[in-house]
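So you can see what is in the structure, the chains are spelled out below.
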Amino acid sequence: MKRTLLLTVAAVITVSLPATGGPIMLTFEEPGVPDIIGDFYAPFGVYFDPVWRLTSASGTWPSHSGRFTVSTISGASAGVITFEGPVSSVSGWFTTSSPNRPALYLEAYTGPAGTGMFIALDWIDLRNEGVMVPMEVCSAANDIMSVVLRDSGNGFTLDDLCVQPVPEPTTMSILLAGIACAGLRQCRIGVKGYRG
Ligand SMILES: [Ca+2]
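Residues numbered from 1 in each chain as written. Predicted model: local features only at pLDDT ≥ 70, side-chain atom pairs only at ≥ 80, totals over all residues.

1. Some words on the overall build of the protein chain
Regarding its fold elements, the protein chain presents two helices and ten strands. Listing each helix as α and each strand as β along the protein chain from the N terminus yields α-β-β-β-β-β-β-β-β-β-β-α. Considering the protein chain as a whole, with its 196 residues, one finds that 28% of them fall into the buried category. Counting only contacts in the protein chain whose residues sit at least 6 apart along the sequence, the fraction spanning at least 24 positions is 73%. (Helix = DSSP H or I, 4+ residues; strand = E, 2+ residues; numbered from the N terminus. Buried ≥ 20, exposed ≤ 12 C-beta atoms within 10 Å, placed from the backbone. Contact = placed C-beta atoms within 7 Å.)

2. Quick look at the nonpolar core
Counting residues in each nonpolar core, the largest one holds 31 residues, and the members touching the most others are Val-90, Ile-144 and Val-147. For this core, the secondary-structure elements that each account for two or more residues are strand 2 (46-48), strand 5 (78-96), strand 6 (103-109), strand 9 (144-150) and strand 10 (156-165). Counting residues per element, this core draws most heavily on strand 5, which supplies seven residues. The contact partners of Val-90, leaving out residues within four places of it in the chain, are Ala-108, Glu-136, Val-137, Ile-144, Val-147 and Val-163. (Core = buried A, V, L, I, M, F, W, Y, C linked by C-beta atoms within 7 Å.)

3. Let's talk about the pairing of strand 4 (residues 68-72)
Within strand 4, four of the five residues are buried, which leaves the element mostly enclosed by the surrounding structure. Pairing of strand 3 (residues 52-56) with strand 4 involves five bridges; the strand directions are antiparallel. Bridging across to strand 4, Arg-53 finds its partner in Ser-71. Both strand 4 and strand 10 contribute to a ladder of two bridges, which runs antiparallel. (Pairing = 2+ DSSP bridges.)

4. A closer look at unusual backbone geometry
The backbone phi angle of Ala-113 is positive, close to 55°, even though this residue is not glycine. Turning to its location among the elements, Ala-113 is positioned in the loop between strand 6 and strand 7 (118-125). At Asn-142, a position not held by glycine, the phi torsion is positive, near 55°. By the secondary structure assignment, Asn-142 is in the loop between strand 8 (133-138) and strand 9.

Here is the structure:
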């Protein structure tokens, strides 16, 4: 009876847990996205530094989804995105328009706001105005804490940012493990007691 009760409690807690470990996709079509993105996506563990702005798609600056993208304000040479916890990959779709600049770079770092150790780099040619192009950075060590978009001035947009968080043991998982161990121990004591 006790074992059945324990398993039932564990099952109820398990189905009540939010899904974790899956990729996070930000389309910037979410209701209420402000002009300055900032910490709007904090519930997803994604933080944009203040230079990122919501941008309406147009013919030469298209979106990859819906009506909106994000871009950095004029004059900003870099845009930083920081994560609350470590992630294993970051990808997105980009449009650029700067024929006199060599490339747009997507850099990954082990620390917040572009600090710590450099991990990985992807880049695209800047002369792709009107066409969204994918970029992605990955870490086998699952230790990306921030990414930096960098060129020599403002000339790019970002859409459909996809982040793969690293699953971490949660307090609830530890609690479930404790319940399972307690249940097994109780069963073993019961079996021993029955055998006399
Ligand atoms: Ca979009």
